[in-house]
Amino acid sequence: MWELARYLGIATRPIEKMMLLGARANASGKPAEEVRRLSGLFQGHTLYHFQVSPYAWIVRRTLVKWGIPIPMRDILEDPAAWKELVTQGGKDQVPCLKIETPGAQTRWMYESRDIIAYLKQKSKQG
Ligand SMILES: N[C@@H](CCC(=O)N[C@@H](CS)C(=O)NCC(=O)O)C(=O)O
């Protein structure tokens, strides 16, 4: 099942790139200053996902729409990322947002709705 998802992911990646006009930080058309602010704000954040997960797709779309530059790790393409998700995050489920904060315990946030609400709230911080 995951092998099929992986192959579908490889096949659909170029289509998603076209649809999202390139998942880059400034694809949202935000000014460079705003992109820099968001980059700083979201330091230490990583999205664990895989390409054909519909829940992960919603989160990736939000990142692009709002111009939030967060690195992503595809757990079907990167076995080390999958292992990290399961052993440290505690669940074999995507999307999952890893939040590393200096001096604090790393948080593993599951549930697309929670992740989107968190992104929305955090991106408003000064
Ligand atoms: N309620 C979750 C659903 C996430 C979900 O079902 N993800 C699937 C991939 S599309 C998954 O990782 N399934 C594996 C599992 O739950 O063991 C959300 O909204 O994020």
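Further up the page is the structure itself.
Since the structure is predicted, the reported quantities are computational estimates derived from the model, not experimental observations. (Residues numbered from 1 in each chain as written. Predicted model: local features only at pLDDT ≥ 70, side-chain atom pairs only at ≥ 80, totals over all residues.)

A.B. asks: Explain the site of the ligand to me, please; I cannot follow it from the model alone.
C.D. replies: Taken together, the neighbourhood of the ligand is formed by Ser53, Pro54, Tyr55, Asp92, Gln93, Val94, Pro95, Glu111, Ser112 and Arg113. Where the shell around the ligand is concerned, the elements lending two or more residues are α3 (54–66) and α5 (112–123). Here the shell around the ligand is composed, by residue class, of four nonpolar, three polar and three charged. (Near = placed C-beta within 6 Å. Helix = DSSP H or I, 4+ residues; strand = E, 2+ residues; numbered from the N terminus. Nonpolar A, V, L, I, M, F, W, Y, C, P; charged D, E, K, R; others polar.)

A.B. asks: I keep staring at unusual backbone geometry and nothing clicks. Help me out?
C.D. replies: For residues besides glycine, phi is generally negative; the peptide bonds are generally trans as well. Residue Val94 is joined to Pro95 through a cis peptide bond whose omega torsion reads 0°. Assignment of secondary structure puts Pro95 in the loop between α4 (79–89) and β3 (96–99). One non-glycine residue, Glu111, lies in positive phi territory at about 80°. For Glu111, the position within the fold is in the loop between β4 (107–110) and α5. On the basis of neighbour count, Glu111 is assigned to the partly exposed category, with 15 C-beta atoms found within 10 Å. (Buried ≥ 20, exposed ≤ 12 C-beta atoms within 10 Å, placed from the backbone.)

A.B. asks: Whenever I open this one, the pairing of β3 confuses me. Can you help?
C.D. replies: A regular strand carries its side chains on alternate faces of the sheet. Bridging between strand β1 (residues 45–49) and β3 involves four bridges; their strand directions are antiparallel. Counted as the bridge partner of Thr46 is Lys98 from β3. Direction of pairing for β3 relative to β4: antiparallel, over a ladder of four bridges. The residue of β4 that forms the bridge with Ile99 is Arg107. (Pairing = 2+ DSSP bridges.)

A.B. asks: I keep staring at the nonpolar core and nothing clicks. Help me out?
C.D. replies: Side chains of nonpolar character tend, in soluble globular proteins, to be buried together. The biggest cluster of nonpolar side chains holds 19 residues, and the ones touching the most others in it are Tyr48, Ile75 and Val94. Counting only elements with at least two residues in this core, the list comes to β1, α3, α4, β3 and α5. With sequence-adjacent residues up to four places away left out, Val94 is seen in contact with Tyr48, His49, Phe50, Ser53, Ala56 and Ile75. (Core = buried A, V, L, I, M, F, W, Y, C linked by C-beta atoms within 7 Å. Contact = placed C-beta atoms within 7 Å.)

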